[in-house]
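Topology and contacts: notes
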Amino acid sequence: MSEETGRRTSSESLGDSPSIGGESSNRDTRQLYEFGQYRLDPAERKLLRGNETVTLTPKAFDTLVLLVRYSGHLLEKDELIRMLWPDTFVEDGSLSNNIFLLRKALGEDPAFIETVPRRGYRFIGAVRRFPDGRPGPGEELRLGSPPPDAPLDLQPRALAVATLPTKARPLSQNRAAAGITVLVVLALVAAALWLYRSAAGRGPIDSVAVLPFENAGGDPDTEYLSDGIAESLINSLSQLPHLKVMSRDSAFHYRGEVPDVQTVGHKLGVRAVFKGRVAQHGDMLAISAELIDARDNSHIWGQQYIRKPSDIFALQEEIAKEMTAALRVRLTGEEEKRLGKTYTASPEAYENYLKGRYWFNKQTEEGFHKGIEYFERSITKDPTYALGYAGLADCYISLANFGAVSAKEGYSKAREWAQKALKLDDTLVEAHVSLASVKTDYEWDWLEGEKEARRAIELNPSDARARVAHAEVLWTTGKLDESIQETKRALELDPLSINSNDALEFEFFLARQYDQAIEQAAKTLELDPKYISAYYVRGVAYVKKSMYKKAMAEFEKGVAIAADNPSALTGLGYGFAVTGRRADAEKVLARLNELSKREFVSPVWMAKIYSGLGEKDKAFESLERAYEDRSIVSVAYIKTNPMLDPLRSDPRFAELLRRMNL
């Protein structure tokens with residue numbers, strides 16, 4: 001039941017009750033409370049910051065009165081709920097929402113409200129109490145305990161008595177040292193399961209985007225932390241079978257922005273948006289999160305966590321389970337186990353892993369090398385940390401893709417690290433995706449590649465990376481209708497992914513659906529007007545439609561963006577070749593050969609131009625070199641690529657496919 005409808009008896013709020021603000025002879029109702037720069041007047045139902053009135057909802061105001069009145073003492077959740085909503089069932093989410101609104105109104109520095117995990121809340125600000133609304137001689141009191149005559153009956157007509165403790169219960173001293181982000185991510189995961197239930201008046205929320213958390217301090221050295229919390233939350237929530245979670249690429253499209261939630265919801269096709277911020281205050285971290293309904297910008301849930309990094313790692317699973325139970329989420333035992341799963345007990349290993357992912361996600365050669373450095377540190381701190389090995393596999397695959405290392409070196413190391421990760425944890429989606437890439441792009445073991453991709457999807461059907469890996473196996477082996485559908489599923493989870501949008505346009509081209517390829521490439525260019533591959537695909541699609549003038553215009557746009565880009569040069573050279581401009585095509589080939597002396601350039605690029613020129617022998621020489629060096633772009637483009645049609649009748653083409661298990 002919602003906060004607004006959950007508690008209506010003979011009065012509209014507790015402010016009308018004898019205990020919190022009505023016309024009562026009780027002495028406590030005629031007192032003012034001061035804390036920090038605030039003055040609280042329960043009788044007049046006012047909260048002032050200096051001379052400014054702070055607006056609160058009725059229930060948030062009542063919650064503040066109770067917390068301030070019993071300042072310094074732990075108020076159990078059940079007790080607060082009984083006092084705020086007598087005789088009516090409400091869930092813990094209503095209380096936590098009030099706490100969030102209070103924290104938002106009071107600000108984060110200093111923090112006034114402490115969350116005691118699994119128990120309740122404590123007001124920790126210094127409070128002064130003024131009887132009769134003004135301080136008098138000897139009457140200024142600091143609230144170390146509840147006023148002796150404070151009423152405990154908080155219902156309008158004394159229907160029940162809710163008792164409060166007279167002595168605060170000590171917090172558990174059994175706390176293991178660890179990093180704050182692990183706790184917060186798991187706590188946020190459990191709290192975000194609010195999505196999984198039907199909130200009153202809202203209906204079920206079945207889709208969410210977790211935006212990158214704001215780095216409130218602006219310190220670049222802690223940027224990995226705000227990114228890492230959001231990414232970990234995405235990975236955890238995506239495991240829920242009936243909740244669509246936008247993948248990292250689409251969510252992080254809004255990194256560094258303050259986007260309108262309704263716009264985000266419309267663009268990503270989600271019902272709710274999860275956003276947060278991370279701020280460091282001395283040796284404490286303040287992490288706040290808020291869940292917003294994308295339909296009307298209304299607040300659904302919010303919470304703030306203020307912790308020392310060394311205090312709370314041991315409590316992470318317990319808090320996650322407690323919050324899951326409080327939100328009445330119906331999960332299977334296996335789903336609960338996966339949500340509460342921790343991959344390492346070492347905070348140092350986890351911190352280095354987050355830094356490794358931060359650098360890997362930059363998608364630069366420098367970033368991959370820095371990622372390797374941090375992933376190696378993570379497994380040094382914890383040799384059983386499977387995610388660290390999976391991160392190493394990703395970096396070496398990417399280095400091979402970038403031509404920064406040979407395919408043999410990159411994929412051999414990637415295979416080693418992915419297999420090590422799976423030996424430690426065979427349910428790790430990331431490692432199955434990496435191994436699928438090794439099997440497909442390097443070993444040309446299509447059956448095993450598809451097996452690994454399917455296993456990743458089985459473990460997490462909402463993981464866009466697994467869908468992309470499966471689509472690659474399908475279109476490489478000529479199953480284009482299936483690959484197009486799989487890539488579309490990936491785009492449902494990751495609509496703003498440049499790579500997936502680009503893959504779909506190329507699949508349309510391979511399937512000889514040229515109009516669709518041109519249309520899809522236009523969508524890719526809406527995301528990034530300088531994305532050269534989209535100009536390349538549009539150009540070759542126009543060639544196949546015999547629209548040569550438009551084709552050359554697209555190729556020239558690509559070269560104008562990056563004159564030495566192999567894709568842009570290949571498009572231009574191929575355009576020259578098929579339009580009879582042999583001399584110009586040969587100049588492009590010479591340029592590609594010169595470029596290959598400085599960086600890796602796949603021989604397949606040259607083979608396409610030779611195919612356009614009708615020079616079969618040179619085309620096959622180039623394809624043979626690609627076969628020998630296991631060039632990563634060789635296999636995927638050969639079996640169905642229309643640009644190689646002039647070679648298909650040659651027996652050498654069939655023999656090449658046979659050797660590549662195609």
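The structure presented is a predicted model; accordingly, all values stated were derived computationally and were not measured.

Re the confidence of the model for the protein
Mean pLDDT over the protein works out to 77, with 77% of the residues at or above the 70 mark. Counted against residues more than four places away or in other chains, residues 1-29, with its pLDDT under 50, gives 84 contacts. This model gives residues 310-329 a pLDDT under 50, and the stretch forms 55 contacts once residues within four places in sequence are excluded.

A few points about the nonpolar core
For soluble globular proteins, nonpolar side chains are generally found buried alongside one another. Ranked by size, the top nonpolar core spans 61 residues in total, and within it V210 and F213 carry the most contacts. Looking at this core, the element that brings in the most residues is helix α12 (residues 386-401), giving 11 residues. Among the nonpolar cores identified, the runner-up in size contains 59 residues, and L504, F506, Y514 and A607 belong to it.

Digging into unusual backbone geometry
Its identity is not glycine, yet R512 carries a phi of approximately 65 degrees, on the positive side. Among the structural elements, R512 can be located in the loop between α18 (498-510) and α19 (514-527). By relative accessible area, R512 is classed as partly exposed at 39%. Positioned with a positive phi, S546 is a non-glycine residue whose angle comes to about 60 degrees. By the secondary structure assignment, S546 is in the loop between α20 (532-544) and α21 (548-561). When its relative accessible area of 48% is taken as the criterion, S546 is described as partly exposed.

Details of the environment of K618
Along the polypeptide, K618 turns up in helix α25 (residues 616-628). Linking K618 and A607, residues 11 residues apart in sequence, is a C-alpha distance of 7.2 Å.

Things to note about helix α14 (residues 429-442)
Look at α14: 20 Å from first C-alpha to last across 14 residues, which is about the 20 Å you get at 1.5 Å a residue. Of all 14 residues in α14, 14 are buried, a share of seventy percent or more. W444 occupies a position one or two residues after α14 and carries a positive phi of about 60 degrees.

Comments concerning the packing of α14 against helix α16 (residues 464-476)
Geometrically, a packed helix pair is captured by the angle between its two axes and the distance between the axes. Close contact between α14 and α16 brings their axes to 10 Å; oriented N to C, the two are set at 15 degrees. The angle between the axes of α14 and α16 places the two elements in the roughly parallel class. When you trace α14 past α16, the crossing you get is left-handed. Only R465, A466, A469, E472 and V473 of α16 make contact with α14, whose side of the interface consists of E430, V433, A436, T440 and D441.

Each value, and the rule that gives it
Residues numbered from 1 in each chain as written. Predicted model: local features only at pLDDT ≥ 70, side-chain atom pairs only at ≥ 80, totals over all residues. Heavy atoms only, no water. pLDDT = per-residue confidence, 0-100. Contact = heavy atoms within 4.5 Å. Core = buried A, V, L, I, M, F, W, Y, C linked by side-chain atoms within 4.5 Å. Buried < 20%, exposed > 50% of the residue type's maximum accessible area, 1.4 Å probe, protein only. Helix = DSSP H or I, 4+ residues; strand = E, 2+ residues; numbered from the N terminus. Expected span 1.5 Å × (residues − 1). Axes fitted to C-alpha atoms, helices over the stretch in contact; angles between N-to-C directions. Parallel < 35°, antiparallel > 145°, perpendicular 65-115°, else oblique. Left-handed = near helix turned anticlockwise from the far one by under 90°.

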